[in-house]
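Residues per chain are reported as follows:
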Amino acid sequence: MNPCPQQRCFPFSAVARLPDLCAAWQLSQTTLQQLQQALLCEPLPEHLACVAISGSLGRMEFHAASDLDLLVVVDDQQVTVSDEAAKTLFDEVWQRIDAAGLDAARPKSGGVFSQCVSWRALTDSAVRGIINEDVTTFGQRMQLLLDAQPLLHQQSFDQLQAQLLNWYVETRVSDLFEETGPFGWLRQDVQRYWRSIRSRAYWLHADDVDKSTEVNVKLRSSRAVIMAAFLRAIEVAQSTAGETSVVIAALQRQLTTTPLERLTVGRSASEASELLNSYQTVWHFLASRNSTDSALPQEIKNALESLNRWLPNSVTE
C-alpha cells in the first residue's frame, strides 16, 4: 500500500505557489502526530480495530477553526462489543485528546463522528440495497471511503477499507447489462449520499446566516471535490484490466491520496494550477472568515465558478 498523505511532503509545490494549502498540509502533519502521541500514551482496549481521521484533517487541509472528525472503529467481527464498552472506548479516546491539550471540541451528538463505528454493521450483507438502513452507519461507511486515512492501526484500517470495497462489488446486474466494472452500485450509493447532503444543506442552520453560508460554500468546494475525486477514482480503477480483486486494489491505492491529488492527476500544469488556486481561495475564505454578512465576495463566487469547471456534471448539476 502507498504511504498515507501524512507520511508525505506537500505534493503540489512543482505545480503552483500555494502557501495556504502548503501550510495547512504541514499543520495537518503536526496535528496528526500530536494525536497519535496522545492516543498511544497507554494501551487502548483490545476491541479497538483502528482510529481513522476524516474531514479537513484527513484531507491535509486542517486550520485553526477545523473540527476534529475521528472515526473510532470497534472490532466486533467475531465477538459482540456491548454499547457500554463501545461508549467507554469512545470516551477514552476523547479523554486522551483532551488531556493532551489539543483544544478540539467533541462532536455533536447524533452525527457520524459522535459514536464508535461497528465493523460488523458496516459490512452486514443483509443491508445491501436497503436505502433506509441506519443513517449513521451509512454515513460512517461513506466517510471511511471518501476522505479518511488511518490515525491508529493502519493494517486494520486497510483491511476494513478493502472489506468495504468488496461489500460494494456487484456483478449480477452489471454483467447482465454489460456495464463497465464491479462498482456501478458503489457509484450510485456515492451519488445518493451526495444528493442527500446537497438537499440537506439548503435548510441546515437556516436560522444562522453565518453557519448556513459556511455549509453551502463547503458544499460547493471541498465536498464537491471529494465526490468528484472519488467518482473519478472509480472510473480509473474500472479501466484497469484484470479480475475484480485487481480493480479493488487499484481503487484502494488511489484512496491513499487526497481528493485534490486524485483530481489533478493527468491534468496539464496550467489546468492543475487553476483548479488548485481556485480551491485555495475558497479554503482561505472559510479558514479566516468571521463575518455574519450573508453576501459572498465576488472573488469567492469567481473561485467557485472556476473550480466547478473542473468537476463533472454529475457532481455540479
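Placed above this text is the structure.
Rules used throughout
- Residues numbered from 1 in each chain as written.
- Predicted model: local features only at pLDDT ≥ 70, side-chain atom pairs only at ≥ 80, totals over all residues.
- Heavy atoms only, no water.
- Salt bridge = Lys/Arg side-chain N within 4 Å of Asp/Glu carboxyl O.
- Helix = DSSP H or I, 4+ residues; strand = E, 2+ residues; numbered from the N terminus.
- Buried < 20%, exposed > 50% of the residue type's maximum accessible area, 1.4 Å probe, protein only.
- Arc of directions from axis to C-beta.
- Contact = heavy atoms within 4.5 Å.
- Expected span 1.5 Å × (residues − 1).
- Core = buried A, V, L, I, M, F, W, Y, C linked by side-chain atoms within 4.5 Å.
- Phe/Tyr/Trp six-rings, centres within 6.5 Å; stacked < 30°, edge-to-face > 60°.
- Polar contact = N/O pair within 3.5 Å; in protein donor to acceptor, adjacent residues only side chain to side chain.
- Pairing = 2+ DSSP bridges.
- Axes fitted to C-alpha atoms, helices over the stretch in contact; angles between N-to-C directions.
- Patch = residues over 30% accessible without salt bridge, like charges linked within 9 Å, V, L, I, M, F, W, Y side chains within 5 Å.
- Areas by Shrake-Rupley, 256 points an atom, 1.4 Å probe, with all protein chains shown as cover.

J.: How should I be thinking about the pattern of salt bridges in this particular structure?
T.: In a structure, side chains of opposite charge can pair up when their charged atoms sit close to one another. For the structure on display, the rule yields 13 salt bridges. Between D189 and R192 there is a salt bridge whose closest N-O contact spans 3.0 Å. Of this pair, D189 and R192 both sit in helix α8 (residues 184-201), separated by three residues, roughly a single helical turn. A residue is classified by how much of its surface remains accessible, and D189, at 6% relative accessible area, is buried. Since its relative accessible area comes to 23%, R192 is described here as partly exposed. K211 is the salt-bridge partner of E214, the closest N and O atoms lying 3.8 Å from each other. Taken together, the positions of E214 and K211, both in helix α9 (residues 209-238) and three residues apart, correspond to about one turn of that helix. Classification of K211 by relative accessible area gives partly exposed; the value is 30%. What emerges from the salt-bridge pattern is a single network uniting K87, D91, D98 and R106.

J.: Help me understand helix α13 (residues 298-308) in this model?
T.: What sets the pattern is the α-helix's 3.6 residues per turn: residues three or four places apart point alike. Every buried residue belonging to α13 is among I300, A303, L304, S306 and L307, and all of these are buried. The buried residues of α13 occupy one face: seen down the axis, they fall within an arc of 160°. The inward-facing, buried residues of α13 abut α9 and α12 (269-288).

J.: Sorry, what's going on with helix α6 (residues 154-167) here?
T.: Helix length check: α6 (14 residues) gives 20 Å between terminal C-alpha atoms against 20 Å at 1.5 Å per residue, within 8%. Taken residue by residue, α6 has F157, D158, L160, Q161, A162, L164, L165 and W167 as its buried positions.

J.: It is not clear to me how the nonpolar core should be interpreted in this structure. Could you clarify?
T.: Nonpolar side chains tend to gather and get buried jointly when the protein is soluble and globular. One finds L70, L144, L186 and L251 to be the most contacted residues of the largest nonpolar core, which totals 89 residues. When residues in this core are grouped by element, the largest group, 13 residues, is from α9. Dropping the residues within four chain positions of it, L251 is found in contact with L165, F183, L186, A233, I234 and A237. With seven residues, the next largest nonpolar core counts F285, L286, I300 and A303 among its residues.

J.: Looking at this structure, I do not really get the packing of aromatic side chains. What am I missing?
T.: Geometry of an aromatic ring pair is reported as the spacing of the ring centres plus the angle between the planes. Using the criterion set out here, one finds six aromatic pairs in the structure. With centroids separated by 4.9 Å and ring planes inclined at 85°, the aromatic side chains of W167 and Y168 adopt a geometry described as edge-to-face. Here the two residues W167 and Y168 agree in accessibility, since each one is buried. By way of ring pairs, the aromatic residues F10, F12 and W25 are connected into one cluster.

J.: Mind showing me how you'd approach the side chain of Q29 here?
T.: Structurally, Q29 is set in helix α1 (residues 19-39). Engagement of the side chain of Q29 in a polar contact is seen with the backbone oxygen of R8, the distance being 2.6 Å. Sequence-distant contacts of Q29, that is, excluding residues within four places in its chain, are made with P5, Q6, R8, C9 and M60.

J.: Would you explain the sheet that holds strand β3 (residues 117-118) in this entry?
T.: Strands pair in a sheet through their backbones, by hydrogen bonds, and they do so in one of two ways: parallel or antiparallel. Reading across the sheet, the four strands line up as β3-β2-β1-β4 and stay open at both edges, with mixed pairing between neighbours. Strand pairing shows two members of the sheet lacking a second neighbour, β3 and β4 (149-152), which therefore form its edges. α1 rests against β1 (48-54) and β4 of the sheet, and its axis sits at about 40° to β4.

J.: What's the story with a nonpolar patch on the surface in this structure? I'm lost.
T.: On the surface, V173, L176 and F177 cluster together into a nonpolar patch covering about 310 Å² of accessible area. Locating V173 in the fold gives a position in helix α7 (residues 172-176). Residue classification places V173 among the partly exposed positions, given a relative accessible area of 31%.

J.: Any chance you could explain the side chain of Q238 here in plain terms?
T.: Of note, Q238 is situated in helix α9. The buried category is assigned to Q238, whose relative accessible area is 10%. Engagement of the side chain of Q238 in a polar contact is seen with the backbone oxygen of T180, the distance being 3.0 Å. In contact with Q238, not counting residues within four places along its chain, are T180, G181, P182, F183, G184, R187 and V247.

J.: Please clarify how the pairing of β1 should be interpreted in this entry.
T.: Every other side chain in a regular strand lies on the same face of the sheet, so the side chains alternate between the two faces. Counting buried positions along β1 gives seven out of seven residues, so the element sits mostly inside the fold. As defined by bridge partners, β1 adjoins strand β2 (residues 69-74) across six bridges and the pair is classed as antiparallel. By the bridge assignment for β2, I53 is matched with L70. Sheet topology places β1 next to β4; three bridges connect them, and they run antiparallel. Bridge pairing links A52 to P150 in β4.

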